[in-house]
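One-letter residues, chain by chain:
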Amino acid sequence: MLLEGKKIILGVTGSIAAYKAAILIRLLVKEGAKVKVVMTPSSKEFITPLTLSTLSGSPVMSEFFNQNSGDWNSHVDLGLWADLMLVAPASASTISKMANGIADNLLITTYLSARCPVMVAPAMDLDMLNHKSTKDNLSKLTNFGNFIIEPATGELASGLIGKGRMEEPEVILNKIIDLFNSKKKLKSKRVLITAGPTFEQIDPVRFIGNYSSGKMGFEIAEEMANQGADVKLITGPVSLKANHTSIETIAVKSASEMYNECVKHFQNVDIAVMAAAVADFTPKKVELEKIKKDNFNNTIELVETKDIAAELGRLKKTNQILIGFALETHNESVNATKKLISKNLDFIVLNSLNDKGAGFSFDTNKITIIDKSNNIEHFELKSKAEVATDIVNKICKLL
Ligand code: CTP
């Protein structure tokens, strides 16, 4: 799916081509996009809201206020929600209102509030399209940074033949995919990510583990895949599942299994992010039978596990980037900087257990990034998804 998770507002205006909006929604949804439809009042003369809400799986918005529930459709929230606003079909009247900020319907107020890219697919009769007024309005939209999808030439609703037909939904879909691809910062990059805890077996029923949920590593994997990367996610035992089609999950249990997978794949990747909470010690011997109280000498002998990040740091070539994490309880910056240097990392993401809302069991995290040049960046407490975006942005700056 080429538009997985992309949030798209489809603005539909009064034009015969409004029927093509139905096909467009189907194509967008099939590619994994989430679509919300905003209709102008006159568009409902051409296609019913019921058709579009059924296809998009979300109620169609048209009025500022919902008569039944008494609440209002926030064009601001809608504008901020979207990754793309597409107006298709765009009538001459809507194009004129967009160009001049005439905010008399929900579609225009949403347009004025949107911070995302905007695409406009005009549909009108050839003389309307040719009129100086329409041309001026379209060039205004281009100057605003909006993308105009040129109408096609063919038979028009008036019976005339010429330029003015809204471009076919398949063509519009490809333009949307191209737009998102051109914005992807990690296009064709290969990435290795470790996540979760490791379980070190003591006997058939017991292990040494830790509280890592894997959430931070999974969020980073998701964000990197969204940015176009091909991700290998090597995860210890967690209850999470990666959904993105560009993420290949490799499930492991122990630190040594994680080590083997990492070393195997590292030479083929551009970036590695070590977000796993790898056990530092493992039982020297795995008992084949359950240890019984009556013959236990109160001691389990432990040996150190291999340090995966340090090994990848040794193998690292100049064109590879290696990122590590440090979860500290005291002397945080000093300890993190030591790890940054000893493991040959490009930067380290530090979380302190002393910060409220940071650590294993939270959906939030508060991080500090320390890089090789000892630049220290502190971030606010944020959701782990937002933290993942900050980390990925920092990686993109290194590329
Ligand atoms: N790490 C690793 N393999 C290990 C231990 C740690 O890859 N066997 C990685 C972690 O994924 C993390 C970084 O090294 O990115 C730092 O892990 P941490 O446990 O904080 O550091 P340690 O080097 O194990 O030091 P200590 O536990 O003594 O603080």
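Scroll up to find the structure this text is about.
Only a predicted model underlies this, so the values are computations on that prediction, with no experimental measurement involved. In this numbering scheme, every chain counts its residues from 1 along its sequence in written order. It should be noted that, the model being predicted, local features are given only for residues of pLDDT at least 70 and side-chain atom pairs only at 80 or more, the latter also being counted only at that level, while totals for whole chains, interfaces and linings use all residues. The basis for every side-chain value is the complete set of heavy atoms in the structure, and neither hydrogens nor water enter the calculation.

Draft legend 1. Examining a nonpolar patch on the surface more closely. Side chains of Ile16, Tyr19, Ile23 and Phe46 sit close together on the surface and give an oily, nonpolar patch of about 390 Å² of accessible area. Residue position: Phe46 is located in the loop between strand E2 (34-39) and helix H2 (49-56). Summary of the burial criterion: residues with accessible area below 20% of their type's maximum are buried, those above 50% are exposed, and those between are partly exposed, where the area comes from a 1.4 Å probe applied to protein chains only. Since its relative accessible area comes to 38%, Phe46 is described here as partly exposed. Two joining distances apply to patches: 9 Å for like charges and 5 Å for nonpolar side chains (Val, Leu, Ile, Met, Phe, Trp, Tyr), and every residue must have over 30% relative accessible area and no salt bridge. Surface accessibility in these figures is a Shrake-Rupley result with a 1.4 Å probe; residues are shielded only by whichever protein chains are displayed. Between Lys or Arg on one side and Asp or Glu on the other, a salt bridge is scored when a side-chain nitrogen of the former is within 4 Å of a carboxyl oxygen of the latter. Secondary structure elements are defined from DSSP: runs of H or I of at least 4 residues count as helices, runs of E of at least 2 residues count as strands, and each element is numbered from the N terminus.

Draft legend 2. Looking closely at the sheet that holds strand E16 (residues 321-328). When DSSP finds at least two bridges between two strands, those strands are taken to pair. The strand order across the open sheet formed by eight strands is E12-E11-E8-E13-E16-E17-E19-E20, and the pairing between neighbours is mixed. Pairing within the sheet leaves two strands with one partner each, and these edge strands are strand E12 (247-251) and strand E20 (376-378). On average, each strand axis in the sheet is inclined to that of its neighbour by 15°, with strand direction left out of account. Relative to E20, strand E19 (residues 367-371) runs antiparallel, the two being bridged by three bridges. Across the sheet, the residue bridging to Thr368 is His378, located in E20. Here helix H9 (residues 215-226) sits on the sheet in contact with strand E8 (190-195), strand E11 (230-235), E12, strand E13 (271-274) and E16, set at roughly 165° to E8. Any two residues having at least one pair of non-hydrogen atoms within 4.5 Å are treated as being in contact. Angles here are taken between N-to-C directions and fall from 0 to 180 degrees, while the axes themselves are lines fitted to C-alpha atoms, restricted in helices to the stretch in contact. Strands in contact with helix H11 (residues 308-315) are E8, E13 and E16; relative to E13, the strand with the most contacts, it is inclined by about 160°.

Draft legend 3. Quick look at the site of the ligand. As a structural note, the neighbourhood of the ligand is formed by 15 residues, with Met274, Ala276, Asp280, Lys339 and Lys343 the closest of them. Interatomic distance of 2.8 Å between a side-chain N/O atom of Asp280 and an oxygen atom of the ligand. In protein, a polar contact requires one atom able to donate a hydrogen and another able to accept it; more generally it is a pair of N or O atoms within 3.5 Å, and residues adjacent in sequence count only if both atoms are side-chain atoms. Lys306 places a polar main-chain atom, nitrogen or oxygen, 3.0 Å from a nitrogen atom of the ligand. Broken down by secondary-structure element, the contributors of at least two residues to the shell around the ligand are H11 and E16. The cutoff for a nearby residue is simple: one of its non-hydrogen atoms must lie within 4 Å of the molecule or strand.

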